[in-house]
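# Structural features, examined
Residues per chain, in single letters:
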Amino acid sequence: MAATQSPSGDRLHEDLHWLFARLKQGLATAETAVVREHGMTLWGYTVLMAVADAPARTQLALAQAVSVDKSKLVLILDELEEAGLVGRRPDPADRRARIIEVTPKGSDTLQAARADVEAIEDRLLADLGSPAKTTLRETLRQLAGAPVTAVEAGRPPENACAPVPD
């Protein structure tokens, strides 16, 4: 069976992995520079967003939520805490666990960084109409859940930042 080709005859530009990788590469390049201006790495920004959305997470739950290895998360949290963007305190229900919370400085920094990131995303999606933008985001959110888990089929991640099963 012949592979389907794009109108230009270029199979590469029909390949989902390449398309997503190219988008990720471009966004990471632009967004890394922007969040660096706010004193964070791109992973730090991602973790800070997740903590702001659910401040009572344990470090383990947070690692799973953002799909980052637990050992890498500790380094990210150390950087965020050193910058005064998050705080960690013992969980009263489990003294071995730590609850991570965004500080007021972290909230302000996240809000400013998010505005800059949204400007980049708006530029990327500028040629799409509003319904297409909404559909794209909804579709990507859907695919990032059960469908991607299904195609992973229990295989170990091929990414150093992916979660490590316990």
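Just so it is clear, the model here is predicted, and its values are computed rather than measured. (Residues numbered from 1 in each chain as written. Predicted model: local features only at pLDDT ≥ 70, side-chain atom pairs only at ≥ 80, totals over all residues. Heavy atoms only, no water.)

## Here's the deal with the side chain of Asp-69
Cut-off, in case you're wondering: Numbering of helices and strands runs from the N terminus, with a helix taken as a DSSP run of H or I at least four residues long and a strand as a DSSP run of E at least two residues long. Only protein chains enter the accessibility calculation, which uses a 1.4 Å probe. A residue is then buried if its area is under 20% of the maximum for its type, exposed if over 50%, and partly exposed in between. Two residue types count as positive, namely Lys and Arg, and two as negative, namely Asp and Glu; His and chain ends fall outside the count. A pairing counts as a salt bridge when a side-chain nitrogen of Lys or Arg comes within 4 Å of a carboxyl oxygen of Asp or Glu. Contacts described as polar in this section are N or O atom pairs within 3.5 Å, which, within protein, must combine one atom able to donate a hydrogen with one able to accept it, while residues neighboring in sequence count only if both atoms come from side chains.
Checked against the element boundaries, Asp-69 lands in the loop between α3 (59–66) and α4 (70–82). Buried and unpaired, Asp-69 has Lys-70 as its nearest opposite-charge partner, separated by 7.2 Å. A polar contact is formed between the side chain of Asp-69 and the side chain of Ser-71, at a distance of 2.2 Å.

## Details of the environment of Val-35
Let me state the cut-off plainly: By definition, residues are in contact when any of their heavy atoms lie within 4.5 Å.
Topologically, Val-35 is positioned in helix α1 (residues 16–36). Classification of Val-35 as buried rests on a relative accessible area of 0%. A C-alpha to C-alpha distance of 9.3 Å links Val-35 and Thr-109, two positions 74 residues apart in sequence. Ignoring anything within four residues of it in the chain, the contact list for Val-35 reads Met-40, Thr-41, Leu-42, Tyr-45, Ala-113 and Val-117.

## With respect to the nonpolar core
Here is a general trend for soluble globular proteins: nonpolar side chains tend to be buried in one another's company. What counts is decided by this rule: Here, nonpolar core means buried Ala, Val, Leu, Ile, Met, Phe, Trp, Tyr and Cys residues that are tied together by side-chain atoms lying within 4.5 Å of each other.
Counting 23 residues, the largest nonpolar core has Val-47, Leu-62, Leu-77 and Leu-80 as its most contacted members. At the level of elements, α1, α2 (42–53), α3, α4 and α5 (104–124) are the ones that each hand at least two residues to this core. Considering each element in turn, this core owes the most residues, five residues, to α2. Not counting chain neighbours up to four residues away, the residues in contact with Leu-62 comprise Val-47, Ala-50, Val-51, Arg-57, Leu-73, Leu-77 and Ile-100.

## Side note on the confidence of the model for the protein
When pLDDT is low, close inspection of the predicted coordinates is not appropriate. Threshold: Per-residue confidence from the prediction method is given by pLDDT, with values spanning 0 to 100.
On average, the protein scores 87 in pLDDT, and the residues at 70 or more come to 88%. Per-element mean pLDDT across the protein ranges from 83 in helix α7 (residues 146–152) up to 97 in α5. This model gives residues 162–166 a pLDDT under 50, and the stretch forms 12 contacts once residues within four places in sequence are excluded.

## What to know about the pairing of strand β1 (residues 86–91)
One face of the sheet, then the other: side chains in a regular strand alternate in exactly this way. The cut-off we apply is this: Think of it this way: DSSP has to see at least two bridges between two strands before they count as a pair.
Of the pairings in the sheet, the one linking β1 to strand β2 (residues 94–102) comprises six bridges and is antiparallel in character. Pairing of Val-86 across the sheet is with Val-102, part of β2. Here β1 hands over to β2 after two residues, the two strands then running antiparallel side by side.

## Here we look at a nonpolar patch on the surface
Stated precisely, the cut-off is as follows: Surface patches are drawn from residues lacking salt bridges whose relative accessible area is over 30%; two like charges belong together within 9 Å, two nonpolar side chains (Val, Leu, Ile, Met, Phe, Trp, Tyr) within 5 Å. Only the protein chains shown count as cover for residues, with accessible areas throughout obtained via the Shrake-Rupley method and a probe of 1.4 Å.
Where nonpolar side chains cluster on the molecular surface, the patch consists of Leu-16, Phe-20, Leu-23, Leu-124, Leu-128, Leu-136, Leu-140 and Leu-143 and spans about 670 Å² of accessible area. Within the residue set of the nonpolar patch, elements represented by two or more residues are α1 and α6 (130–143). Tracing the sequence through the fold places Leu-16 in helix α1. Here Leu-16 falls in the exposed class, since its relative accessible area comes to 58%.

## Details of the packing of α3 against α4
Pairs of packed helices are described in terms of their axes, by the angle between the two and the distance that separates them. What counts, and what does not: As a rule, the C-alpha atoms of each element are fitted with a line to give its axis, helices using only the stretch in contact, and angles between N-to-C directions run from 0 to 180 degrees. If an angle is under 35 degrees, it is roughly parallel; if it is over 145, roughly antiparallel; if it lies from 65 to 115, roughly perpendicular; otherwise it is oblique. Residue polarity follows a fixed list, in which Ala, Val, Leu, Ile, Met, Phe, Trp, Tyr, Cys and Pro are nonpolar, Asp, Glu, Lys and Arg are charged, and the others, Gly among them, are polar.
Across the interface, α3 lies against α4 with an axial gap of 10 Å and an inter-helix angle of 105°. Of the possible angle classes, the one that applies to α3 and α4 is roughly perpendicular. Contact residues: α3 offers Gln-59, Leu-60, Leu-62 and Ala-63, while α4 offers Lys-70, Leu-73, Val-74 and Leu-77. In the contact of α3 with α4, the residues fall into six nonpolar, one polar and one charged.

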